[in-house]
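# Close look at the chain arrangement
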Amino acid sequence: MKKDPLIDQDIEAYLKKHQAKDLLRLITAGSVDDGKSTLIGRLLYDAKVIYDDQLEALKADSEIHGTTGTNFDPALLTDGLIAEREQGITIDVAYRYFSTSKRNFIIADCPGHQQYTRNMATGASNCNLAVILIDARNGVIEQTKRHSFISRLLGIRHLVVCINKMDLVDYSEDVFEQIRTDYEDFAARLEATEINFIPISALEGDNVVDRSEHMPWYTGAPLLRHLENVSIVSDQNLIDLRYPVQYVARPHPDFRGFAGTVASGIIRKGDEVLAMPSRQTSRVKSINTFEGEIDEAFPPMAVMVTLDDEIDLSRGDMIVHPNNLPRLDPDFDAMVVWMNDNPLEVGKVYTFKSATTTVPGRVESIRYAINVNTLHREQQSELTVNDIGRVSVKLQKPICHDPYSKNHTTGSLIIIDRVNNLTLGAGMIIERGTPATKPATEVSKATEPTSKNIREEASLVGAAARETLLKQKPVTIWLTGLSGSGKSTISQALEERLVQSGQAAYVLDGDNVRHGLNRDLGFSAAERTENIRRIAEVARLMNEAGLIAISSFISPFTKDRVGAKEIIGDDRFIEVFVDTPLEVCEQRDPKGLYKKARSGEIKGFTGISAPYEAPESPDLCLDTTRLNVEACVHAIIAMMQDRGLIA
Amino acid sequence: MRYNLSYLKQLEAESIHIIREVAAEFERPVMLYSIGKDSSVMLRLAEKAFAPAGIPFPLLHVDTTFKFKEMLAFRDKMAADLNFDLLVWTNPEGLANKVNPFDFGSAKYTQIMKTEALKQALEHHGFDAAFGGARRDEERSRAKERVYSFRDRFHQWDPKNQRPELWNVYNAKVNKGESIRVFPLSNWTELDIWLYIKFESIPIVPLYLAKEREVIERDGVLLMQDDERMELREGETLTKKKIRFRTLGCYPLTGAVESSADDINGIVQEMLLATKSEREGRVIDYDESGSMEKKKREGYF
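My aim in this report is to walk through the structure given alongside it, one point at a time. (Residues numbered from 1 in each chain as written. Chains lettered and ligands numbered in written order. Predicted model: local features only at pLDDT ≥ 70, side-chain atom pairs only at ≥ 80, totals over all residues. Heavy atoms only, no water.)

## Focus on the pairing of strand β17 (residues 349-354) of chain A
Residue and element names in this part refer to chain A. Quick reminder of the rule: Buried residues are those whose accessible area, probed at 1.4 Å on protein chains only, stays under 20% of the maximum for their type, while exposed residues exceed 50% and partly exposed ones sit between those limits. The numbering of helices and of strands both runs from the N terminus, where a helix is a DSSP run of H or I of at least 4 residues and a strand a run of E of at least 2. When DSSP finds at least two bridges between two strands, those strands are taken to pair.
Of all the six residues making up β17, five are buried; the element is thus mostly covered by neighbouring parts of the structure. When β17 meets strand β18 (residues 357-371), the two strands line up antiparallel, connected through six bridges. Bridging across to β18, Tyr 350 finds its partner in Gly 361. Here β17 folds back onto β18 in antiparallel fashion, the turn holding two residues, of which Ala 355 has a positive phi close to 50 degrees. With three bridges joining them, β17 and strand β21 (residues 412-416) adopt antiparallel strand pairing. When the bridges of β21 are listed, Thr 351 appears paired with Ile 416.

Shown next, in the form of structure tokens:
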């Protein structure tokens with residue numbers, strides 16, 4: 001057994017290093033004899049987490065249950081339950097833990113039988129990555145497709161296809177390539193995600209931990225190396241604040257704490273927040289932890305929030321930002337994985353639990369079932385065990401929710417039997433509202449997504465796929481500054497420069513927004529705020545489509561820019577302050593507006609008769625009295641390159 | 001990366017979430033407090049889950065009457081320091097019949113003083129949810145345990161009929177008499193527990209740390225004679241050795257290891273360089289392989 005030498009030499013340093021590692025949760029899936037347990041056993045064995053006494057027990061077991069004769073059978077390490085050891089197969093999800101010098105891992109070992117789809121969905125629900133095993137002798141079979149589909153359905157973005165038992169096909173590159181092509185043909189229908197292919201032999205250890213000597217034609221990383229290095233940080237949703245209230249603590253009359261786990265977004269002390277469904281607003285007074293108060297919390301931190309005002313808020317409710325609301329509706333569509341022998345009955349009342357809310361409701365209709373082998377939609381009147389289908393749900397009261405693709409916490413639910421309390425199914429919300437079933441009489445606020453006619457098909461294409469396609473990380477460059485400061489000139493030059501170097505970028509400015517989308521808006525404070533809000537929403541959509549948005553508006557008020565940042569998201573909002581002194585702007589006065597403002601012809605003109613609140617800590621500050629246009633563009637490009645947004 | 005939580009903090013957050021869900025959804029939850037290192041971590045997590053408020057449920061210690069004296073002293077000090085509601089239960093029949101591991105054998109003793117006692121306590125108080133400090137990495141049958149583990153009216157676990165458990169959405173629905181065992185530390189490993197104790201400065205029973213103690217060697221296991229109920233067999237002598245315990249339970253059933261690790265760094269160092277798993281010191285597991293699953297089916301925690 002090879003151990004990290006630090007353990008012996010400097011345990012303190014080793015522990016500090018270990019404690020700072022991150023965590024990758026993965027599932028392994030494959031058909032009965034594809035060798036999952038063998039692979040996991042091999043990973044555990046080669047990653048040195050098997051103790052001698054466990055190995056001794058294993059040897060004793062091998063004589064009774066082993067399937068590899070007198071050889072070491074790694075599968076016995078993971079086949080835990082007596083029943084399955086007797087049958088020689090894995091029948092339930094088992095969790096395994098190991099770590100390397102780079103990362104900690106939790107493996108959900110998922111069974112391969114057709115009738116155990118439910119276990120696969122269970123295991124996949126908390127994972128970042130799926131390892132799909134294929135027996136090189138059999139190639140892509142129905143269960144391969146089923147497992148891949150379920151992984152995608154549960155929102156797993158990273159797939160690693162391990163073509164196993166390469167030793168039994170003479171380590172043939174042709175066999176590997178054929179299976180890879182077959183899989184890619186099928187995976188095209190899954191809507192692209194990150195897929196890697198690795199030829200391995202779990203039993204012999206080829207390309208599991210160490211590079212195989214038998215397959216020099218394979219130039220990629222061995223499995224463990226890949227698992228250590230795959231990047232998962234960008235999978236987090238730091239944009240939409242969703243804080244489902246879990247528990248209200250009231251230790252004394254002066255303290256009312258809302259305990260919860262941040263599902264997505266970032267909550268900060270001082271934030272203006274909205275309580276759903278009461279729609280009362282307040283501010284975050286404090287964010288408490290056992291260690292004391294903190295300034296901000298992000299997923300998946302568990303904290304306790306207090307608010308400035310006594311508002312209506314309890315378990316099952318949600319704290320959000322006023323400019324970024326979840327949908328509040330009793331009706332929605334969901335993809336359901338049915339997990340019980342009694343079929344899903346349309347019209348029957350079940351209990352639905354989503355995040356911290358539990359509500360009775362029913363399935364109104366089954367729109368279609370998915371044949372997971374062909375991915376074709378089929379008409380079915382019921383869903384039986386291990387079926388997957390799209391259903392319309394109607395709850396007895398509205399709940400806050402988002403599409404699962406955007407938010408795994410507020411987009412997921414379980415379905416519980418009201419008599420025997422069993423968990424019958426699991427659902428992933430895919431659409432906001434069902435169309436044309438409700439009168440369109442409800443009045444809605446502009447910021448509230450309640451139109452029943454809006455259908456939002458959850459995109460199956462991940463942000464990662466778009467990033468790969470466009471070779472850029474989409475962001476919004478938000479230019480702010482006085483009229484005549486040079487925003488338009490800089491933004492246009494920046495757009496030109498980006499497009500010329502092969503990036504997809506687009507400028508949003510008064511010319512293309514005020515005349516169309518926002519032509520109903522004037523220049524009052526409220527209308528200016530709404531103007532900026534809409535622009536931010538458009539920028540967000542552009543970012544989601546993979547584009548770099550360049551916004552060029554005076555945007556004089558801090559609160560509007562903070563609102564825009566909330567909509568677009570912290571990590572996608574880049575604030576650039578075009579810092580040109582008023583005197584210089586007035587001197588330039590390209591459209592003669594300052595003159596008109598001075599004479600009183602234009603009222604409420606920023607800088608003259610209305611305030612401009614300069615950003616306190618912009619990402620970039622451009623002093624146009626010292627920098628020419630080219631230098632300004634260069635500075636922005638350099639910052640984008642520094643942050644790895646563009647090459 | 002600024003918005004990236006280290007894995008230990010992720011585990012902590014996950015456990016706190018579980019503890020709060022239980023407090024919010026069950027009528028009468030209880031936290032099983034075994035005084036061991038896992039219980040100590042679980043207790044800290046419960047404190048964290050509700051701070052600045054107190055822990056809103058009681059802690060239950062099933063006292064088999066053969067716990068180390070140091071454990072009981074530690075338990076009472078913690079209850080006083082942290083001001084939690086401590087319940088102690090001993091099987092009254094077992095107590096009346098002086099059930100002990102020497103005369104009744106370890107299996108029967110454990111059945112009566114631990115398994116039966118726990119069931120009695122849960123029924124007596126009407127608890128519908130009980131937190132336990134078990135981890136999935138401890139033993140093979142535990143690897144498949146749910147976070148919320150359903151028990152029927154007879155406290156039995158049916159491994160073939162577990163409720164599916166997705167995301168962190170837990171099904172807390174039970175009918176009268178049924179209950180849920182909840183394992184907030186499911187995803188922690190032994191190393192995680194020690195790291196957390198170290199970085200959070202969590203108090204633990206001193207028996208975990210190596211010290212010169214008087215032990216006897218019986219059937220290849222080092223045991224401490226914690227009181228006179230354990231009689232020395234012929235040929236056995238007390239000898240001073242520097243020892244510590246990797247797990248703590250009933251003193252006649254808990255083997256010590258020779259060690260020089262007198263701080264947490266030392267423990268972790270020994271653990272990482274060790275070649276034997278932690279349950280090795282427990283006499284209870286000496287039966288045939290798969291024994292833990294059998295005990296769990298019968299209602300053992």
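## A word on helix α7 (residues 142-153) of chain A
All names here are of chain A. Condition: For a helix, the expected span equals 1.5 Å multiplied by the residue count minus one.
With 12 residues, α7 ought to run about 16 Å at 1.5 Å a step, and its terminal C-alpha atoms sit 16 Å apart, in line with that. Burial analysis of α7 places 10 of its 12 residues in the buried class, the great majority of the element. Taken as a whole, α7 has its buried residues at Gln 143, Thr 144, Arg 146, His 147, Ser 148, Phe 149, Ile 150, Ser 151, Arg 152 and Leu 153. Of the residues flanking the end of α7, it is Gly 155, one or two places downstream, whose phi is positive at about 90 degrees.

## Some points on the environment of Ala 464 of chain A
Residues and elements named next belong to chain A. Position of Ala 464 among the secondary structure elements: in helix α10 (residues 463-470). Ala 464 sits in the partly exposed class, given a relative accessible area of 38%. In this structure, the C-alpha to C-alpha distance between Ala 464 and His 158, residues 306 residues apart in sequence, is 9.6 Å.

## Some remarks on the nonpolar core
Let me state the cut-off plainly: Nine residue types can take part in a nonpolar core, namely buried Ala, Val, Leu, Ile, Met, Phe, Trp, Tyr and Cys, and a core is a set of them joined through side-chain atoms within 4.5 Å. Throughout, a residue-residue contact means that at least one pair of heavy atoms, one from each residue, lies within 4.5 Å.
By size, the foremost hydrophobic cluster in this structure holds 164 residues, and its most contacted members are Leu 154 and Tyr 183 of chain A together with Tyr 148 of chain B. It is helix α1 (residues 7-25) of chain B that provides the largest number of residues to this core, a total of nine residues. Once residues lying within four places of it in the same chain are set aside, the contact partners of Leu 154 of chain A are Ala 121, Ala 124, Ser 125, Tyr 404, His 408 and Met 428 of chain A together with Leu 166 and Trp 167 of chain B.

## Quick look at the side chain of Arg 44 of chain B
Within the fold, Arg 44 of chain B resides in helix α2 (residues 37-50). Setting aside anything within four residues of it in sequence, one finds Arg 44 of chain B in contact with Phe 290 of chain A together with Tyr 196, Glu 200, Ser 201, Ile 202 and Pro 203 of chain B.

## Digging into the sheet that holds strand β7 (residues 211-218) of chain B
All names here are of chain B. Pairing in this open sheet of four strands is antiparallel, and the strands run β8-β7-β9-β10 from one edge to the other. Only two strands of the sheet have a single partner each, and these edge strands are β8 (221-224) and β10 (257-258). Where β7 and strand β9 (residues 239-244) come together, five bridges link them in antiparallel fashion. Paired with Arg 213 across the two strands is Lys 241, which belongs to β9.

## Structural notes on the interface of chain A and chain B
Put simply, the rule reads: Each salt bridge in this description consists of a side-chain nitrogen of Lys or Arg and a carboxyl oxygen of Asp or Glu lying within 4 Å of one another. Residues adjacent in sequence count toward polar contacts only when both atoms are side-chain atoms; beyond that, a polar contact is any pair of N or O atoms within 3.5 Å, and within protein one must be able to donate a hydrogen and the other to accept it.
Taken together, the contact between chain A and chain B spans 91 residues of the former and 77 residues of the latter. Between the two partners, chain A and chain B, sit seven salt bridges. Measuring nitrogen to oxygen at the nearest pair gives 3.2 Å for the salt bridge that ties Glu 25 of chain B to Arg 315 of chain A. Inspection of the chain A/chain B interface yields 31 residue pairs in polar contact (both at pLDDT 80 or more).

## What to know about the packing of aromatic side chains
All names here are of chain B. To keep it simple, the criterion reads: Whether two aromatic rings pair depends on their centres lying within 6.5 Å, for rings of Phe, Tyr and Trp, where Trp uses its six-membered ring; planes under 30 degrees apart make the pair stacked, over 60 edge-to-face, and the rest tilted. Whether a charge sits over a ring depends on NZ of Lys or CZ of Arg being within 6 Å of the ring centre and within 35 degrees of the ring normal.
Across all of its chains, the model carries 24 aromatic pairs over all chains by this definition. Seen in terms of ring centroids, Phe 57 and Phe 131 are 5.1 Å apart; in terms of plane orientation they differ by 40 degrees. Their pairing is tilted. Of this pair, Phe 57 sits in the loop between α2 and β2 (59-62) while Phe 131 is found in strand β4 (residues 129-131), placing the two residues 74 residues apart along the sequence. Given a relative accessible area of 0%, Phe 131 falls into the buried group. By the ring-pair criterion, three or more aromatic residues cluster together here, those being Phe 66, Phe 68, Phe 102, Tyr 109, Phe 245 and Tyr 251. If you follow Arg 229 out to its NZ or CZ, it ends over the ring of Phe 66, 3.8 Å from the centre.

## Description of the sheet that holds strand β5 (residues 158-164) of chain A
Strand pairs in the sheet, formed through backbone hydrogen bonds, run parallel or antiparallel to each other. Residues and elements named next belong to chain A. Worth spelling out the cut-off: Axis lines are fitted to C-alpha atoms, over the contacting stretch for helices. Their N-to-C directions set the angle, which ranges from 0 to 180 degrees.
Reading across the sheet, the six strands line up as β2-β3-β1-β4-β5-β6 and stay open at both edges, with mixed pairing between neighbours. Where the open sheet ends on each side, the last strands, each with one partner, are β2 (94-99) and β6 (194-199). Across this sheet, the average inter-strand angle for adjacent strands is 25 degrees, counted without regard to direction. Strand direction decides the pairing type here: strand β1 (residues 22-29) and strand β4 (residues 129-135), joined by four bridges, are parallel. Paired with Ala 29 across the two strands is Ile 132, which belongs to β4. Strands in contact with helix α6 (residues 117-124) are β1, β2 and β3 (103-109); relative to β1, the strand with the most contacts, it is inclined by about 165 degrees. Packing of α7 onto the sheet brings it into contact with β1, β4 and β5, and relative to β4 it is tilted by some 175 degrees.

## Points about the pattern of salt bridges
Residues and elements named next belong to chain A. Overall, the coordinates contain 52 salt bridges over all chains when judged by the stated rule. Glu 296 is the salt-bridge partner of Arg 268, the closest N and O atoms lying 2.9 Å from each other. Placement of the pair is Arg 268 in strand β9 (residues 267-268) and Glu 296 in strand β13 (residues 296-297), with a sequence separation of 28 residues. With relative accessibility at 26%, the residue Arg 268 sits in the partly exposed group. The class for Glu 296 is buried, based on a relative accessible area of 17%. The residue Arg 643 makes a salt bridge to Asp 619 at a minimum N-O spacing of 3.0 Å.

## Focus: the environment of Thr 529 of chain A
All names here are of chain A. Inspection of the secondary structure assignment puts Thr 529 in helix α13 (residues 525-544). Since its relative accessible area comes to 27%, Thr 529 is described here as partly exposed. Taking the C-alpha atoms as reference points, Thr 529 and Ala 564, 35 residues apart in sequence, are found 9.7 Å from one another. Excluding anything up to four places from it in sequence, Thr 529 contacts Lys 559 and Asp 560.

Geometric values such as these leave the question of function open.
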